[in-house]
Amino acid sequence: MTATLEVSNGVGTIRLERPPMNALDVALQDKLHELAAEATRRDDVRAVILYGGEKVFAAGADIKEMQHMDHAAMVLRSRGLQEAFTAIARIPKPVVAAITGYALGGGCELALCADFRIAADNAKLGQPEILLGLIPGAGGTQRLSRLIGPSKAKDLIFTGRMVKADEALTLGLVDRIAPAAEVYEQAQAWAAKLAQGPALALRAAKESIDTGLETDLETGLALERTWFAGLFATEDRERGMRSFVEEGPGKAKFL
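A few points on the structure. Computed from a predicted structure; not experimentally measured. (Residues numbered from 1 in each chain as written. Predicted model: local features only at pLDDT ≥ 70, side-chain atom pairs only at ≥ 80, totals over all residues. Heavy atoms only, no water.)

**Here's the deal with the packing of helix 5 (residues 140-148) against helix 6 (residues 150-159)**
Cut-off, in case you're wondering: Orientation is described by lines fitted to C-alpha atoms, with helices fitted over the stretch in contact, and by angles between N-to-C directions that extend from 0 to 180 degrees. Helix and strand labels come from DSSP, where a helix needs a run of H or I of at least four residues and a strand needs a run of E of at least two; each type is numbered from the N terminus. Just so you know how the angles are binned, under 35 degrees is roughly parallel, over 145 roughly antiparallel, 65 to 115 roughly perpendicular, and the rest oblique. With the far helix as reference, a near helix turned anticlockwise by less than a right angle produces a left-handed crossing, and one turned clockwise produces a right-handed crossing. Whether two residues are in contact is decided by their heavy atoms, any of which lying within 4.5 Å being enough. Residue polarity follows a fixed list, in which Ala, Val, Leu, Ile, Met, Phe, Trp, Tyr, Cys and Pro are nonpolar, Asp, Glu, Lys and Arg are charged, and the others, Gly among them, are polar.
Two numbers describe how helix 5 lies on helix 6: the axes approach to 7 Å, and their chain directions differ by 135°. Looking at the two axes, helix 5 sits oblique to helix 6. Judged by the twist between their axes, the crossing of helix 5 over helix 6 is right-handed. Residue-level inspection shows Gly-140, Thr-141, Leu-144, Ser-145 and Ile-148 of helix 5 in contact with helix 6, the latter providing Pro-150, Lys-152, Ala-153, Leu-156 and Ile-157. Of the residues that constitute the contact of helix 5 with helix 6, the class distribution is 6 nonpolar, 3 polar and 1 charged.

**Some words on unusual backbone geometry**
Stated formally: Here the term buried applies to any residue with accessible area under 20% of the maximum for its type, exposed to any over 50%, and partly exposed to those in between, with areas from a 1.4 Å probe on protein chains only.
Look at the link from Pro-19 to Pro-20: it is a cis peptide, with omega at 5°. The backbone of Asn-9 sits at a positive phi, close to 55°, despite the residue not being glycine. By the element assignment, Asn-9 lies in the loop between strand 1 (3-8) and strand 2 (11-16). Judged by its relative accessible area of 75%, Asn-9 is exposed. Here the phi dihedral of Asn-22 falls at roughly 55°; this positive angle occurs in a residue that is not glycine. Structurally, Asn-22 is set in the loop between strand 2 and helix 1 (26-41).

**Some thoughts on the sheet that holds strand 3 (residues 47-51)**
What counts, and what does not: Any two strands with at least two DSSP bridges between them are considered paired.
Taken together, the 6 strands give an open sheet; going across it, the order is 1-2-3-4-6-9, and neighbouring strands pair in mixed fashion. The open sheet terminates on both sides in strands that have one partner only, identified here as strand 1 and strand 9 (176-178). Here the average twist between neighbouring strands, direction ignored, is 20°. Taken together, the 4 bridges between strand 3 and strand 4 (residues 95-99) define a ladder with parallel strand orientation. Note on strand 4: the bridge partner recorded for Val-48 is Val-95.

The structure is reproduced here in structure tokens:
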């Protein structure tokens with residue numbers, strides 16, 4: 001078993017289970033792709049947590065496996081690697097990464113696929129591929145630079161250095177720091193709150209932000225406008241506005 005999806009009260013936890021360090025070999029990459037599709041498809045999953053367990057998030061790719069791959073093999077595999085991570089990033093529901101221990105290389109890139117990142121106070125993150133004579137290959141050069149800016153991303157990628165949780169917070173690489181024993185609990189609280197929200201509006205917000213960042217302002221505004229108008233056809237919109245008028249703000253209950 002390399003990873004599982006457990007669902008409780010609207011929250012699906014994608015848990016990496018490849019001890020001791022959750023190295024991201026081909027089997028685990030493919031399993032993540034599969035679980036991302038399942039989380040996307042299932043109506044009982046309204047928010048998602050990415051979690052590697054109490055000790056480590058994911059220490060990176062399986063170097064022993066990669067060592068035996070030549071150029072031709074990686075040309076064939078690199079697309080599957082990126083597609084697995086992109087499937088996580090495109091789950092049309094709120095996704096939070098609960099980061100404990102190491103999140104390095106592919107592990108850091110996996111965390112970058114989340115919408116929100118909570119890191120343990122003892123977590124260490126980084127993109128050390130340059131130390132292997134490589135660059136990040138699962139989205140790190142693209143998602144990291146979009147998240148923290150190109151110069152800060154270049155610092156981490158060019159040097160391959162690890163950053164502790166406090167520096168990761170300063171850089172904007174993570175959004176919150178928690179005691180190691182509370183990381184998953186805080187991720188559950190964040191996900192559970194959003195799991196009670198309007199699913200289509202959350203999906204619209206995520207797609208508008210993510211797609212908008214990849215295009216020009218005019219195109220992004222057009223996408224926002226289309227989603228905004230479209231939500232007026234939903235029951236959630238009717239429910240939310242009716243509750244606002246009759247009960248005041250913030251009291252609507254969404255199905």
